[in-house]
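Chain residues, written in single-letter form:
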Amino acid sequence: MSRRIDGKAIAAQIKDELKEEVLRLKGSGVTVGLAVILVGEDTASAIYVNNKKKACEYVGIESVSYELPADTSQEDLLALIGRLNQEEKINGILVQLPLPEHIDEEAVITAISPDKDVDGFHTESAGRLLVGKEGFLPCTPAGIIQLIRRSGFSIEGKECVVVGRSNIVGKPMALLLLRENATVTVAHSKTENLQQVTSRADILVAAVGKPKFITADYVKEGAVVIDVGIHRTAGRKMCGDVDFEEVQKKAAAITPVPGGVGPMTIAMLLANCVEAAKR
Ligand code: GUN
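Each chain has its residues counted from 1, following the order in which its sequence is written. Totals for whole chains, interfaces and linings use every residue, but because this is a predicted model, local features are given only for residues with pLDDT of at least 70 and side-chain atom pairs only at 80 or more, for both listing and counting. As a rule here, side-chain values cover all heavy atoms of the structure and leave hydrogens and water aside.

Go over the overall build of the protein, please, and point to the residues and values.
Only DSSP runs of H or I with at least four residues qualify as helices, and only runs of E with at least two residues qualify as strands; both kinds are numbered from the N terminus onward. The number of helices and strands found in the protein is 10 helices and 11 strands. Taking the principal axes of its C-alpha atoms as reference, the protein extends roughly 50 × 45 × 40 Å. Throughout, exposure labels follow a simple rule: accessible area from a 1.4 Å probe, protein chains only, divided by the maximum for the residue type, with under 20% read as buried, over 50% as exposed, and the rest as partly exposed. With 279 residues in all, the protein has 49% of them scored as buried. Contacts spanning at least 24 positions in sequence make up 70% of the contacts within the protein whose residues lie at least 6 apart. Residue contacts are defined here by distance: any two heavy atoms, one from each residue, within 4.5 Å place the two residues in contact.

Put into structure tokens, the structure is as follows:
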């Protein structure tokens, strides 16, 4: 039976560290401010945004939220971002995705000043990560590195396989693991002999987007398995990209869904806000 990696507990630990740091910054006259923009009425997005605001409150980050109607024009959204870019009290800007179809996400993300890009989605941030310059890291992959490290597993020299190649998770995850001196393979929907590839992994990161896709046959005995997926089964129960029940019998450690990667994403967003204020 494997160890369960408790993302909720590790995220709580990080939030407590940040809380102290925010307090220290306040003592030296620096406040940390985050602007959160939500366009439209997507229920899941509203819940995510609410969780982010609550987490800000907990660590002492001042969050200002903009809840805009679904028919907001791209022009108005870009104008708001332009104003927030100039606002001194705002250190970070987060535009919750997905945006309504009439708005070009890329145009919106790149309108955010790279100095305030606490999601780490700007092409400037992505480029900085690629060439090893300091910049904001995307929250989910940055959180996964923390999960692995703080659970006591080393990354250097290990065979890491990332399944998924999105700009938000898969690609930056591979770069971060490489930065930690791992041997990294990126697998995806067109990978041949996928089971053979994933079975090499000492550390397997599943960002497939398919419920319970990674079964025990994909996992090496004693691997560390990180599950980025989040789905609801027909019975409304939550599950990830990994078949938890089956894989936990084989893995050395595994993240649950919920309570694994999810809480870490928010913790790293807060960490990026604090970093933005310090810079
Ligand atoms: N939608 C789903 N996840 C995220 C995230 O991490 N950041 C933003 N801005 N939108 C999201």
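Back to the text.
Can you tell me about the packing of helix α2 (residues 43-59) against helix α10 (residues 261-278), naming the residues and giving the values?
Working convention: axes come from line fits to C-alpha atoms, limited for helices to the stretch in contact. Angles between N-to-C directions cover 0 to 180 degrees. Two elements in contact, α2 and α10, have axes whose closest approach is 10 Å; the angle formed by their N-to-C orientations is 55°. In terms of axis orientation, α2 runs oblique to α10. Seen from above, α2 lies across α10 with right-handed handedness. Of the residues in α10, those in contact with N51, K52, A55, C56 and V59 of α2 are I266, L269 and L270. Charged means Asp, Glu, Lys or Arg here, nonpolar means Ala, Val, Leu, Ile, Met, Phe, Trp, Tyr, Cys or Pro, and polar covers whatever is left, Gly included. When the residues that make up the contact of α2 with α10 are grouped by side-chain class, the tally is 6 nonpolar, 1 polar and 1 charged. Any angle between 65 and 115 degrees counts as roughly perpendicular, while under 35 counts as roughly parallel, over 145 as roughly antiparallel, and the rest as oblique. Crossing handedness is read from the near helix: turned anticlockwise from the far helix by less than a right angle, it gives a left-handed crossing, and turned clockwise, a right-handed one.

Can you explain the site of the ligand? Please cite residues and give values.
Here, proximity means that at least one heavy atom of the residue falls within 4 Å of the molecule or strand. Close contacts around the ligand come from K52, L94, V95, Q96, L97, D119 and F121, and that covers them all. N or O atoms within 3.5 Å of each other form a polar contact, as long as, within protein, one can give a hydrogen and the other can take it, and as long as residues adjacent in sequence are counted only when both atoms are side-chain atoms. Within the backbone of V95, an N or O atom sits 2.8 Å from a nitrogen atom of the ligand. Separating a nitrogen atom of the ligand from a side-chain N or O atom of D119 is a distance of 2.6 Å. Each accessible area value is a Shrake-Rupley result obtained with a 1.4 Å probe; residue values ignore everything except the protein chains displayed when judging cover. For the ligand, the protein covers 75% of the area, taking 270 Å² as the surface of the free molecule.

Lay out unusual backbone geometry with the relevant residues and their values.
Cis rather than trans, the peptide bond between L97 and P98 has omega equal to 0°. Within the element layout of this structure, P98 appears in the loop between β4 (92-95) and α4 (105-111). With phi around 70°, N181 is a residue other than glycine that occupies positive phi space. Among the structural elements, N181 can be located in the loop between α7 (170-179) and β6 (183-187). Take N181: its relative accessible area is 46%, and that puts it in the partly exposed class. Even without a glycine there, the phi angle at K212 is positive, about 50°.

Lay out the pattern of salt bridges in plain terms, naming residues and giving numbers.
When a carboxyl oxygen of Asp or Glu lies within 4 Å of a side-chain nitrogen of Lys or Arg, that pair is called a salt bridge. Enumeration over the complete set of coordinates arrives at 9 salt bridges. Across the pair E134 and R279 runs a salt bridge whose closest N-O atoms are separated by 3.6 Å. Separated by 145 residues along the polypeptide, E134 in the loop between α5 (123-131) and α6 (139-150) and R279 in the segment after α10 bring together distant segments of the chain. The exposure class of E134 is exposed, given its relative accessible area of 57%.

Outline the state of the cysteines, supporting the account with residue identities and numerical values.
Cysteine sulfur pairs qualify as disulfides if the two atoms are within 2.5 Å. The tally for this structure, following the rule as stated, stands at 0 disulfides. You can see C273 has no disulfide; the closest cysteine sulfur is in C56, sitting 5.6 Å from it.

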